[in-house]
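Observations on chain architecture
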Amino acid sequence: MAGFHKNARAQRLNNRATYWLTRLVAPITLIFGLSMIYERGVALFTFERTEGVIIGASYDDSSYSRLDSTRVSSHVRFMDLQGQEHVFFSVYSTAKSDDIGQTVPVLYNPDLPGDAVIPDFWDFYVQPIIISLMSIFLWWFGTLARTFVPPTLKPEDVLGPDGAFGDDNKR
C-alpha cells in the first residue's frame, strides 16, 4: 500500500502531477464518451430496425477479460426493407449464449446495409454513459488532488502560505 510523502515538496509535486494528468485525461475521456453517445444516437434515430438470425458464432475465452465474460463473434443474417438479404459480422462481449438460429435485434444503415450492429444493452447503451461519467470523476479527483494534504504535513507546507496551489513557499 502506498504511503503519503513525508516531504512537503514531494507531496506538492505529486498533487500537481495528479492534478494536471487528470485535467488532460478527463476531457479526452469525455470527448470519447460523448462521441460514442453521438454515434449510438445516430444509429438509434437513422438506422432501420429489423430482426436477424445468428447463422454462426465463435466463442473466445482466451484472456478477453478478467470477468467471466466470453467474447462472442457472431455472423448474423437479416433482410433489409427492400427484401435483400445481408450478412454481417458482430463482435461484442456477453454473458448470454448466442446459439445458431437465435433471433437478435439488428440496427442497420439503409445506405450501407453491411454497417449493422446488434444493440446489446451493455455495449450499446451503458458503456458510453459510463465512459462519459468517468470523465466527471477524473475531473473531481484532480480537483481533490490539488488540495490534498496528508495528515503528517501542515497545509501551509503543501499548499503554500496563502493556501494557493503552487511552489511559492520555497525555504
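Starting afresh in each chain, residues are numbered from 1 along the sequence in its written order. Residues qualify for local features only when their pLDDT is at least 70, as the model is predicted, and side-chain atom pairs are given and counted only at 80 or more; totals for whole chains, interfaces and linings, by contrast, use all residues. The basis for every side-chain value is the complete set of heavy atoms in the structure, and neither hydrogens nor water enter the calculation.

Now for the packing of aromatic side chains. Planes of paired rings set the category: under 30 degrees apart is stacked, over 60 is edge-to-face and the rest tilted, where pairs are Phe, Tyr or Trp rings (Trp by its six-membered ring) whose centres lie within 6.5 Å. Counted by the stated rule, this structure contains 7 aromatic pairs. Residues Y19 and W20 carry aromatic rings whose centres are separated by 4.9 Å and whose planes lie at 80° to one another, so their mutual orientation is edge-to-face. Summary of the burial criterion: residues with accessible area below 20% of their type's maximum are buried, those above 50% are exposed, and those between are partly exposed, where the area comes from a 1.4 Å probe applied to protein chains only. The class of W20 is exposed, set by a relative accessible area of 53%. Aromatic pair F137 and W140: ring centres 5.8 Å apart, planes at 40°, arrangement tilted. With a gap of 3 residues between them, F137 and W140 both fall in helix α2 (residues 121–146), about one helical turn apart. Given the relative accessible area of 48%, W140 is considered partly exposed. Connected via pairs of aromatic rings, a cluster forms that spans F78, F88 and Y108. Across the ring face of W139, the terminal group of R23 is positioned such that the distance to the ring centre comes to 3.7 Å. Here, over-ring charges are defined by two tests on the NZ atom of lysine or the CZ atom of arginine: distance to the ring centre within 6 Å, and angle to the ring normal within 35 degrees. Cation over ring: R146 sits above Y19, and NZ or CZ is 5.1 Å from the ring centre. Segments assigned H or I by DSSP are reported as helices when at least four residues long, segments assigned E as strands when at least two residues long, and all are numbered from the N terminus.

A word on the packing of helix α1 (residues 8–46) against α2. Axis definition: a line fit to C-alpha positions, over the contact stretch in the case of helices; interaxial angles, taken between N-to-C directions, run 0 to 180 degrees. At a closest axis distance of 7 Å, the pairing of α1 and α2 adopts a crossing angle of 160°. As the angle between them shows, α1 and α2 are arranged roughly antiparallel. Along this stretch, α1 crosses α2, giving a crossing that reads as left-handed. Under the scheme applied, nonpolar residues are Ala, Val, Leu, Ile, Met, Phe, Trp, Tyr, Cys and Pro; charged residues are Asp, Glu, Lys and Arg; polar residues are all the others, including Gly. Of the residues belonging to the contact of α1 with α2, the class tally is 21 nonpolar, 9 polar and 4 charged. Any angle that is under 35 degrees is reported as roughly parallel, and any over 145 degrees as roughly antiparallel; angles of 65 to 115 degrees are reported as roughly perpendicular and all others as oblique. Each crossing gets its hand from how the near helix is turned against the far one by less than a right angle, where anticlockwise is left-handed and clockwise is right-handed.

If you look at the biggest cluster of nonpolar residues, it comprises 9 residues: I54, V76, F78, F88, V104, V106, Y108, A116 and I118. Mapped by element, the contributors of at least two residues to this core are β2 (70–79) and β4 (103–108). Of the residues forming this core, the biggest block, 3 residues, is contributed by β4. Note on terminology: a nonpolar core comprises buried Ala, Val, Leu, Ile, Met, Phe, Trp, Tyr and Cys residues joined through side-chain atoms within 4.5 Å.

By definition here, a salt bridge exists when the distance from a side-chain nitrogen of Lys or Arg to a carboxyl oxygen of Asp or Glu is within 4 Å. With the rule as written, the count across this model stands at 2 salt bridges. Note that E39 is salt-bridged to R40, the shortest N-O span being 3.4 Å. Note that R77 and E85 form a salt bridge whose closest N and O atoms lie 3.9 Å from each other.

A helix is expected to span 1.5 Å for every residue after the first. For α1, built from 39 residues, the straight-helix expectation of 57 Å at 1.5 Å per residue is met to within 8% by its first-to-last C-alpha distance of 56 Å. The N-cap of α1, judged by a side-chain oxygen 2.7 Å from the amide nitrogen of R9 a few residues on, is N7. Under this definition, polar contacts are N or O atom pairs within 3.5 Å; protein pairs additionally need one hydrogen-donor-capable and one acceptor-capable atom, and for neighbouring residues in sequence, both atoms have to be side-chain atoms.

These values are about where atoms sit, not about what they do.
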